[in-house]
Structure formats: structure tokens, C-alpha cells
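What follows is the residue order along each chain.
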Amino acid sequence: MSAKKKAADAAIVPSNGAAVPGRARVQKAYKIYIGGAFVRSESGRYFQVKDLGGDEPGLVENVALSSRKDGRDAVKAAHAAGAGWAGKTAYNRGQILYRLGEVMEARRAELTSELERSTGRGRDAAREEVLASVDRVISFAGWADKYQSLLASSNPVAGPHFNVSVPEPMGVVAVVAPRRPSLLGLVSAVLPVIVSGNTCVVLASEEDPRTAVTFCECVATSDMPGGVLNLLTGKVSEVAPHLARHMEVQALDLWLDDAELTRELETLAVATVKRVKKRGVAEVDFRDDRLAGLSSLTPFLELKTFWHPMGM
Amino acid sequence: MSNLVASATARAAERGPYIPPRTSPVDQIFVEERAAALAKRSIKKATKVAGLKLAVRMMDLTTLEGKDTPGKVRSLCAKALRPLEHDPSVGPVGAVCVYPNMVPVAVDCLRGSGVHVASVATAFPSGLSPLAIKLDDVRRAVGFGADEIDMVIDRGAMLSGDYARVYDEIVQTKEACGHAHLKVILETGELGSYDVVRHASDIAMAAGADFIKTSTGKVTPAATPPVTLVMLEAIRDHYYATGKRIGMKPAGGIRTAKQALHYLVLVKETLGDAWLTPELFRFGASTLLNDVLMQLEKERTQAYQGADYFSKE
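Residues numbered from 1 in each chain as written. Chains lettered and ligands numbered in written order. Predicted model: local features only at pLDDT ≥ 70, side-chain atom pairs only at ≥ 80, totals over all residues. Heavy atoms only, no water.

## Things to note about the interface of chain A and chain B
Tallying the contact residues gives eight residues for chain A and nine residues for chain B. Together chain A and chain B conceal approximately 960 Å² of surface at their shared face, both sides included; 50% is due to carbon and sulfur atoms. Counting across the chain A and chain B interface gives zero salt bridges. Joining chain A to chain B, the criterion identifies four residue pairs in polar contact (both at pLDDT 80 or more). Considering each element in turn, the side of chain A that touches chain B owes the most residues, three residues, to helix H2 (residues 68-87) of chain A. Each residue belonging to the side of chain A that touches chain B can be placed in one class, and the counts come to one nonpolar, two polar and five charged. (Contact = heavy atoms within 4.5 Å. Buried area = accessible area lost by both parts, 1.4 Å probe. Salt bridge = Lys/Arg side-chain N within 4 Å of Asp/Glu carboxyl O. Polar contact = N/O pair within 3.5 Å; in protein donor to acceptor, adjacent residues only side chain to side chain. Helix = DSSP H or I, 4+ residues; strand = E, 2+ residues; numbered from the N terminus. Nonpolar A, V, L, I, M, F, W, Y, C, P; charged D, E, K, R; others polar.)

Okay, here's the thing in C-alpha cells:
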């Protein structure tokens, strides 16, 4: 191909597909992900997010502003998906999560460009975060059929009984994802919850909801059943209290530096004796592989212990 | 067998010839649009609470399964009397609806409470047994103590145009009921079109039904808002023509509090406040009650409720 032809092609299709003379811009509506479907907020509200980097800094796009009822719908979907997801074999859950890693790998360029324009941290930083995120997903996929053997135990008891403890998922976990890093943080918060058979409702980073929605597009094509992972965009302080009060939510995973909101959510969670896991985000190094360790799974597991008479 | 038919014919002859009721054709598009439009009403806060409490009092709490036991019926009756343990302002429900063999158990549990005992009869749910057996079924259920009888029409006769037979069976079932109220189940899911639903409603009311009811709950689709609207309009026209108020009972497929409120809107807009009473409107339901209770608790506590916190009947 001649240099002249190449230049002409580049002029017709710029890397971001925008700004071609005479072509109408096709902009994406960033919708929330509930029960395996991308939907608008039932409230009809949206908010605007501005590109901080990438090809068109200053570009403004609309993102759904979730309401209390979106939270309710998401919990309903998560609750309905619980039995099916927990009932799959650990091996199958691992396969599905690995496939999520495969899909993200194939869509690395898209995830990178989302991160780049939303964070303004530059292409290299974005690329590095996407690679780390894919690797983290693969790590958790590997955990799916291994953590059970490490956490289960055969306990000594004073009598002629076998006494065995096995880990089981808790049910629906509400996750407030870290504000940043918006993708690696999201992956590191959500994967340890769902790998063991829990389902979740995630409140995406307020700073960068678009990368989270694009991540959900990977989830949607990964064979993960609808409702296992539900993602809401918008204001955490508006929706999280309703999740903390919701009686069908078993645990809260709060990646939040807002001490006041954390205290409010903890207080609300008392009524239903929810398990609350608090994490300061500022001091976490999300690149640390220990975040993909066994201890990341244990907060959202219950140990079931059963007795069986010996000699039968 | 021929004797039975002969005696039925003789009784029909005593009452004079069957005169088909005047039935107007149904505008399908209009009915569906209107039912959909009325379902868009948003009912909130105090109005919602009042509507839901009314819906509880209008409920025919139902169990119609082959695996029903006296124990299950007793626990259902306990729930019927006091649906929400800590709030006596909720309930009791309108009636408990069971199979004939479970009627004595329900009567025993509900004695003196004002909660009615309804029994399905007439070879429920198909209705395809000889009339003598169906009438015997009714008499026994009434004898066991049921004060409301839910009969099924012979859909085969309705669809093959034997309207006189449908009419006559309802008349005789009404006689067999004695003092008990008669609800006539049309099984609208099997009737095929709104016109047939309207015609069956008119026949049932002319034959002496106290209530007309959409479905057995054994066939899908069961109650839908448009089909209910067709029946409500039949009731309205019957009222204008005769001055007699006939009751309505949608049953089957009504599972959420929101649906229940939309049915109340349909009644209010078609028949007015006079019908917003358990005497003239009932919901046939088994899982609806818990959803209504969850919504009432949501309004009281502001926390979304979990199904695990409510008894399964």
C-alpha cells in the first residue's frame, strides 16, 4: 500500500471513529447491568462524564444515574441467580471466569481506550492496568476449584464422630467498588466474591463508570449467567444505604475511604446482622498479588460443620 | 345415566326455555389498551398501604394441590387469620380456598372468625364429569361446611356452542349450593377469545352466579388484566340491566403487590367504590399474600424485605 493511500485511509477512519466530515457521531449510552441485561435506570436519570484523556479530551457522555429501585431490581436478580450459580460445579465456575479473562484479553484495546479517556493517566498506564486486570481474573478463575480443599477441615471431636467443616457461599453481597483504580479495583473487589458462588450487586466507581460498564460487556459474553454480577452506576451515597438495609443482602464489601458513609452503612447493616468488610482504599496497592490470595475469598464464605457417626 | 339426563331435561323444562343473554362484542384493541393504561397508575405511600391492606382482606388464600395435608391447611388458616404476626390491622383474609376433603379442617380452624371457607367443586379443574357427580360434589362440600363454592363451567360445552347446557349446569349447581355463595370459574385461558369470555360471563350471571371468576389456576394464561376488564364490564352491564351486583374474582398468576393494586384500579375505574369490598371482589392467590406483606413491611420499616423472613404459608 502506498504511503499516499495509507494517509487517505487514516483520514477516513481516525482511530476513535469520530470527527469524520459528514458522518454523524455514534455515541454509546452507558447503561447499568441487571440480570444479564443492559438497562437504563428505572428513574430515567443520567449524569455526565467527561473525557480526561484519549483522542478527544472534553468529550461528554451520558451514564445512567441509578436509583433505590435499580438497587432493588439488582438484588432481586442477584437473589434469583444465587442457587443456579452456587449449584454449578466449582470446575464450571472456573471455566466461566477463565472465559471472562479470555474475552477481556480479546477486548484489551477497548478497555485500554476506556481507561485512558476516563482517567487521563495516559495510554501506558491504562494498558498496564488492563493487563493486570486480566491476569487477576485468570488468578481467581484458578481459585474456583481449589480454595475448598484449603479451607475445609476435618476437626477432632471428643466422641465417635467425624466432624467436617466445608466452606459455602453466603448469598447476595453488595460491593462498593474502589473509586480508583477503576478497572483493577473493580476486578479485585468482585471476583473474590463471585468465584465461590456468591452473587453480587456492585456500585461502580463514581469517577469512571464507563470502564465498569465496558467490563460488564465482557461479563455478558463470558457465559456467566445473568444476575450473578449486577452493576449500578451513579452516586454510591444514594444507593448504598438501601442495599445496607435490604434484608436479602447478606454482606457488604466496602472499598470506601468515606468514613462517615462507611459508618452509616455499618449502622444500617446491624438490623439484619450483615457481615461488613471495610477496606481503606488509599493505602491499598492493587498491583499486589496478595489481593488475589486465599484471604480475599474468606470474608464471603460461611463454614458449614457437620457430624457423622463413625462406623456407619 | 339416561334417567339423570331425563331429570335434568325435565327440570330445565320447568324453568322454561333457555334464553341466550344479550351479549355485546368485545373490542380487543380497546380492552387491551385500557387495561394497560390503567396499569400505569403509580400508587404510593399511604394510598399504597391502604390498597394493600384492602387486598389482603379480599384474598382467597388458596391451596389446591394433590399433596395438601390437614397440617398444611391448618397453617394456611393460621396465616389467614393473622397474616402479619405483629400487626393485627392486617387481615384477616376474605376466605380460605381448599379441596372438598380439606373443608372440615379449614372450618374447624376458622370457626367464629368471619373468614369464609371456599371449596372448589364440580369435578374441579376440568369439570368433565357427569352432572350428577358434580352436583353431589357440591352438596358434600356444602355439607362439610363450605360457605362458598367455586364451580367450573363445562368449557367443552361452551366452545361447542351448547350454551343451554352451560347455563343449565350453573342453575343446578346454584340450587345444590343452598345458602352457600356460588363462584363460577370460566377458565378464560381455555375460552380462546374475549367474545367467548364475555358470553360465558353473561351466561353465568344470568344463571345465578354470585361471583364470576377467571381461572382455576391450573391453566396458563390465568387471570390477565384485559380478561378481567372484559368480565368487569359484563358485571357493570348486568348491574345496569338488573340492579344486581355480581362479584368478581381474578385468580391465578397474580403474584405481586403491584399487580394486585392494578387490579384494584381496574375495579375502581370500571365498577366504582361499591365493588371495592371483599363481598364483591376477591383475589384467588397463594403466593400473592407474602409479596403484599413484604411491601407493607417495606413501607413500615423502609427496608426492602427478604422472602426468607416470611412464612411459606
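## Some thoughts on helix H10 (residues 225-242) of chain B
Residues spaced three or four apart along an α-helix point in a common direction, a consequence of the helix completing one turn every 3.6 residues. All names here are of chain B. For H10, spanning 18 residues, the distance from its first C-alpha to its last is 25 Å, which sits close to the expected 26 Å at 1.5 Å a residue. Of the positions making up H10, those classed as buried are Pro226, Val227, Thr228, Leu229, Val230, Met231, Leu232, Glu233, Ala234, Ile235 and His238. Those residues of H10 that are buried are in contact with helix H2 (28-38), helix H9 (194-206), strand E6 (211-213), strand E7 (247-249) and helix H11 (257-270). Once H10 ends, the next one or two residues include Gly243, with phi positive near 80°. (Expected span 1.5 Å × (residues − 1). Buried < 20%, exposed > 50% of the residue type's maximum accessible area, 1.4 Å probe, protein only.)

## Topic: the packing of aromatic side chains
Here the structure, examined in full by the defined rule, presents seven aromatic pairs over all chains. Judged by centre distance (5.6 Å) and plane angle (40°), the rings of Trp255 of chain A and Phe286 of chain A are tilted. With a gap of 31 residues between them, Trp255 of chain A in strand E10 (residues 251-255) and Phe286 of chain A in the loop between strand E11 (275-279) and strand E12 (301-309) connect regions that are remote in the sequence. The exposure class of Trp255 of chain A is buried, given its relative accessible area of 4%. Accessibility expressed as a relative area gives 3% for Phe286 of chain A, which makes it buried. An angle of 75° between the planes, with centres 5.9 Å apart, marks the rings of Tyr99 of chain B and Phe124 of chain B as edge-to-face. A residue pair is termed long-range when its members are at least 10 positions apart, and Tyr99 of chain B in the loop between strand E2 (95-98) and helix H5 (103-110) and Phe124 of chain B in the loop between strand E3 (116-120) and helix H6 (131-144) qualify at 25 residues. With a relative accessible area of 11%, Phe124 of chain B lands in the buried category. Ring pairs connect the aromatic residues Tyr239, Tyr240 and Trp275 of chain B, which therefore count as one cluster. Lys298 of chain B extends its terminal NZ or CZ atom over the ring of Tyr304 of chain B, reaching a point 5.1 Å from the ring centre. (Phe/Tyr/Trp six-rings, centres within 6.5 Å; stacked < 30°, edge-to-face > 60°. Lys NZ or Arg CZ within 6 Å of the ring centre and 35° of its normal.)

## Re the packing of H10 of chain B against H11 of chain B
Residue and element names in this part refer to chain B. Two elements in contact, H10 and H11, have axes separated by 10 Å at closest approach and are oriented at 25°. On the basis of their axis angle, the class for H10 and H11 is roughly parallel. The handedness of the crossing between H10 and H11 is right-handed. Seen from H10, the contacting residues are Pro225, Thr228, Leu229, Leu232, Glu233 and Arg236; seen from H11, they are Tyr263, Leu266, Val267 and Thr270. Its residues assigned to classes, the contact of H10 with H11 shows six nonpolar, two polar and two charged. (Axes fitted to C-alpha atoms, helices over the stretch in contact; angles between N-to-C directions. Parallel < 35°, antiparallel > 145°, perpendicular 65-115°, else oblique. Left-handed = near helix turned anticlockwise from the far one by under 90°.)

## Some details on the sheet that holds strand E5 (residues 153-154) of chain A
Residues and elements named next belong to chain A. Pairing within the open sheet is antiparallel, and its three strands lie in the order E5-E6-E12. The open sheet has two edge strands, E5 and E12, and neither has a second partner. Of the strand pairs in this sheet, strand E6 (residues 161-169) and E12 are connected by nine bridges, and their pairing is antiparallel. What sits directly across from Pro167, in E12, is Leu303. (Pairing = 2+ DSSP bridges.)

## Describing the sheet that holds E7 of chain B
Residues and elements named next belong to chain B. If you walk across this open sheet you meet the eight strands as E7-E6-E5-E4-E3-E2-E1-E8, and the pairing is parallel. Looking along the sheet, the strands with just one partner apiece sit at the ends: E7 and strand E8 (283-285). On average, each strand axis in the sheet is tilted by 25° relative to the strand beside it, whichever way the strands run. Bridge count between strand E4 (residues 148-152) and strand E5 (residues 181-185): five bridges; the pairing is parallel. Bridging across to E5, Ile149 finds its partner in Leu182. Helix H12 (residues 288-301) rests against strand E1 (59-62) and E8 of the sheet, and its axis sits at about 125° to E1.

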